[in-house]
Amino acid sequence: MAVEPQADFVFDALGPVACEIPPAGFDISQFRAYAENKADAHLVRGEIGGTLATSFAGGGLYGADDAGGFVVAVQGMLFDDAPELTMLCMVLVRVGESDDTAGPIVGEVGLDAAADGSFLGVFKLVRRNADGVPATVATGSVESGTASFVMFGGILVDGSIAVEGSYTPQDAAEPLPFSASIAVPRAENVIRPALRLSRY
């Protein structure tokens, strides 16, 4: 299976909450100054490697339930030099029967062989199009990675994500290298219902 259909399934299942983009006219420079000057702000923060090579900041949300569902999403605004605001939207979904909140991250290719407690990772890059509507400008493919989340009283209070993979812009034929290192602070928003990828 290709990565894009699986990513579409995850993002469609979670709905718009998994990839929100600021309203048109949002002052990215003001937000960037806030993020860089207020280290104690509860923001998701990360660094992207590969051809993008930039930092980003934004928000995080998660879902967890008694049925084994566990999903974490991050949405970061890239601090690059592009005239348009670009969002990185990434979702991790727990695989199989497990209560683990730490484990390896796999993409579509590694999903069949992934151990219970692993996370399927999907991501995309989003911008507003000429009509002001959010639109995917690049699809992502995760090759490997690790994630670790600390839960306290059913609340996500800390986390880290590291992924390696590639992304393919809509106007490009070949994928480009991608890596990201992300710190997730206490998450205030909760996804309900939570997702879990079951094995049949």
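Because the structure is predicted, anything quoted here is derived from the model rather than measured. (Residues numbered from 1 in each chain as written. Predicted model: local features only at pLDDT ≥ 70, side-chain atom pairs only at ≥ 80, totals over all residues. Heavy atoms only, no water.)

Undergrad: Describe the overall build of the protein chain, and please don't skip the residues or the numbers.
TA: Within the protein chain one finds two helices and 10 strands. Seen in sequence order, the protein chain has helices and strands lined up from the N terminus as α-α-β-β-β-β-β-β-β-β-β-β. Over its C-alpha atoms the protein chain spans a radius of gyration of 16 Å, differing by no more than 12% from the 16 Å that the globule rule assigns to 200 residues. C-alpha extents for the protein chain along the principal axes are approximately 45 × 40 × 30 Å. By sequence separation, contacts in the protein chain at least 24 residues apart represent 58% of the contacts at least 6 residues apart. Surface exposure of the protein chain reaches about 9,900 Å², of which carbon and sulfur atoms provide 52%. A distance of 7 Å separates the average location of the 11 positive side-chain charges in the protein chain from that of its 26 negative side-chain charges. (Helix = DSSP H or I, 4+ residues; strand = E, 2+ residues; numbered from the N terminus. Rg over C-alpha atoms; globule rule 2.2 N^0.38 Å. Contact = heavy atoms within 4.5 Å. Areas by Shrake-Rupley, 256 points an atom, 1.4 Å probe, with all protein chains shown as cover. Lys, Arg positive; Asp, Glu negative; His and termini not counted. Charge placed at Lys NZ, Arg CZ, Asp CG, Glu CD.)

Undergrad: Outline the side chain of serine 55, supporting the account with residue identities and numerical values.
TA: Checked against the element boundaries, serine 55 lands in strand 2 (residues 54-64). Among residues more than four places away in sequence, those in contact with serine 55 are Gly46, Glu47, Met77, Leu78 and Phe79.

Undergrad: Describe the state of the cysteines, and please don't skip the residues or the numbers.
TA: Under the counting rule described, the total for this entry stands at one disulfide. Residue cysteine 19 pairs covalently with cysteine 89 via a disulfide, S to S 2.0 Å. Given an S-S torsion of about 75°, the disulfide between cysteine 19 and cysteine 89 has right-handed geometry. Of this pair, cysteine 19 sits in the loop between helix 1 (3-14) and helix 2 (28-37) while cysteine 89 sits in strand 4 (residues 87-94), and the two are 70 residues apart along the sequence. According to the relative accessible area criterion, cysteine 19 is buried, its value standing at 16%. Relative accessible area serves as the criterion here: at 0%, cysteine 89 is assigned to the buried category. (Disulfide = S-S within 2.5 Å. Buried < 20%, exposed > 50% of the residue type's maximum accessible area, 1.4 Å probe, protein only.)

Undergrad: Please provide a residue-by-residue account of the pairing of strand 7 (residues 134-152), values included.
TA: Across three bridges, the pairing between strand 5 (residues 102-106) and strand 7 is antiparallel. If you follow proline 104 over to strand 7, its bridge partner there is threonine 146. Hairpin connection from strand 6 (residues 119-128) to strand 7: five residues lie between these consecutive antiparallel strands, with glycine 132 at a positive phi of about 80°. With 14 bridges joining them, strand 7 and strand 8 (residues 155-169) adopt antiparallel strand pairing. In the strand pairing of strand 8, alanine 147 is matched with isoleucine 161. Hairpin connection, strand 7 to strand 8: the antiparallel pair is bridged by two residues, and glycine 153 has positive phi, about 60°. (Pairing = 2+ DSSP bridges.)

Undergrad: Describe the packing of aromatic side chains, listing the residues and the values that go with them.
TA: The geometry of an aromatic ring pair comes down to the distance between the two centres and the angle between the two planes. All told, the structure shown has seven aromatic pairs when counted by the stated rule. Both rings, one in tyrosine 167 and one in phenylalanine 178, keep their centres 6.3 Å apart while their planes meet at 75°; by these two values the pair is edge-to-face. On the criterion of sequence distance, the pair formed by tyrosine 167 in strand 8 and phenylalanine 178 in strand 9 (residues 176-185) is long-range, its members being 11 residues apart. Both residues of the pair, tyrosine 167 and phenylalanine 178, belong to the buried class. (Phe/Tyr/Trp six-rings, centres within 6.5 Å; stacked < 30°, edge-to-face > 60°.)

Undergrad: Outline the layout of surface pockets, listing residues and values.
TA: Considered as a void within the structure, the largest pocket measures approximately 280 Å³ in volume. Around the largest pocket, the lining is made up of 18 residues, and of these Phe26, Ile28, Pro83, Glu84 and Leu85 lie nearest the centre. With three residues, the single largest contributor to the lining of the largest pocket is helix 2. (1 Å grid on protein atoms, 1.4 Å probe; cavity = no way out; pocket = protein on both sides within 12 Å on 5 of 7 lines; lining within 4 Å. Points joined across faces, edges and corners; volume = space filled by probe spheres on them.)

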